Amino acid sequence: MTERTVIQSISRSHVLSVMQNASVYEAACIMCKARCGSVLILDETASMIGILTERDLMTKIVAKLRNPETTLVSEIMTHNPHFVSPETTVADAVLIMQRHNFRHLPIISSGGEILGVFSIRDAMPREILEAENLAEHIDQQFTNVLG
């Protein structure tokens, strides 16, 4: 069986985004309405400059008692997030996410077009297990090289 790619596995093709000068409150409302765990942050040329996630809202707004109506997304977003090409396999994407401890990964074409966001929820249990096995294999090879 051929491995699925991230573009084949995303559950929705539309991309949630806000401009960098939007408030965190605006971004949170968009995320809630769409039932989505992340929103991409764009600059004035519509290029992706960051990502804002549910985790960011919890750790950088709620837990710090910051006002979401006066805090801009650009203040708390993850700048220049990791992203993958549409040809990336789900297992490779999951491996990237596990290694870096995040759950959302933008999908960007070679021409720079934003195609979607791969979420850990888009991976099947088999693909998550495959990524874990691959990570274990890589760690073992690294350990063998170091002696």
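Here, the structure is the one placed above.
(A) View of the overall build of the protein chain. When helices and strands are tallied, the protein chain shows 6 helices and 6 strands. Reading the protein chain from its N terminus to its C terminus gives the helix and strand order α-β-α-β-β-α-α-β-α-β-β-α. Taking the principal axes of the C-alpha coordinates as reference, the protein chain spans close to 50 × 30 × 25 Å. Burial statistics for the protein chain: of 147 residues in total, 40% are counted as buried. Contacts spanning at least 24 positions in sequence make up 59% of the contacts within the protein chain whose residues lie at least 6 apart. A total accessible area of about 8800 Å² is found for the protein chain, and carbon and sulfur atoms account for 55% of it. Charged side chains of the protein chain number 12 positive and 17 negative; the gap between the two group centres comes to 7 Å.

(B) Quick look at the nonpolar core. Within the largest apolar cluster, 16 residues are counted, with the highest numbers of intra-cluster contacts made by Val18, Val39, Ile41, Leu52 and Val73. Looking at this core, the elements with two or more residues in it are helix H2 (24-34), strand E2 (38-42), strand E3 (48-53), helix H3 (54-62) and helix H4 (73-76). Looking at this core, the element that brings in the most residues is H2, giving 4 residues. Those residues in contact with Val18 that sit more than four places away from it in its chain are Ala27, Ile30, Val39, Leu40, Ile41, Leu42 and Val73. Within the second largest apolar cluster, 11 residues are counted, among which are Ile10, Val94, Leu105 and Ile107.

(C) Examining the pairing of strand E5 (residues 104-108) more closely. Judged by how many residues are buried, E5 sits mostly within the fold: 5 of 5 residues are covered. Both faces of E5 are covered, namely the face carrying His104, Pro106 and Ile108 and the face carrying Leu105 and Ile107. When E5 meets strand E6 (residues 114-119), the two strands line up antiparallel, connected through 5 bridges. If you follow Ile108 over to E6, its bridge partner there is Ile114. Where E5 folds back onto E6 in an antiparallel hairpin, the turn is made up of 5 residues, including Gly112, whose phi is positive at roughly 90°.

Reading the values: the criteria
- Residues numbered from 1 in each chain as written.
- Predicted model: local features only at pLDDT ≥ 70, side-chain atom pairs only at ≥ 80, totals over all residues.
- Heavy atoms only, no water.
- Helix = DSSP H or I, 4+ residues; strand = E, 2+ residues; numbered from the N terminus.
- Buried < 20%, exposed > 50% of the residue type's maximum accessible area, 1.4 Å probe, protein only.
- Contact = heavy atoms within 4.5 Å.
- Areas by Shrake-Rupley, 256 points an atom, 1.4 Å probe, with all protein chains shown as cover.
- Lys, Arg positive; Asp, Glu negative; His and termini not counted.
- Charge placed at Lys NZ, Arg CZ, Asp CG, Glu CD.
- Core = buried A, V, L, I, M, F, W, Y, C linked by side-chain atoms within 4.5 Å.
- Pairing = 2+ DSSP bridges.

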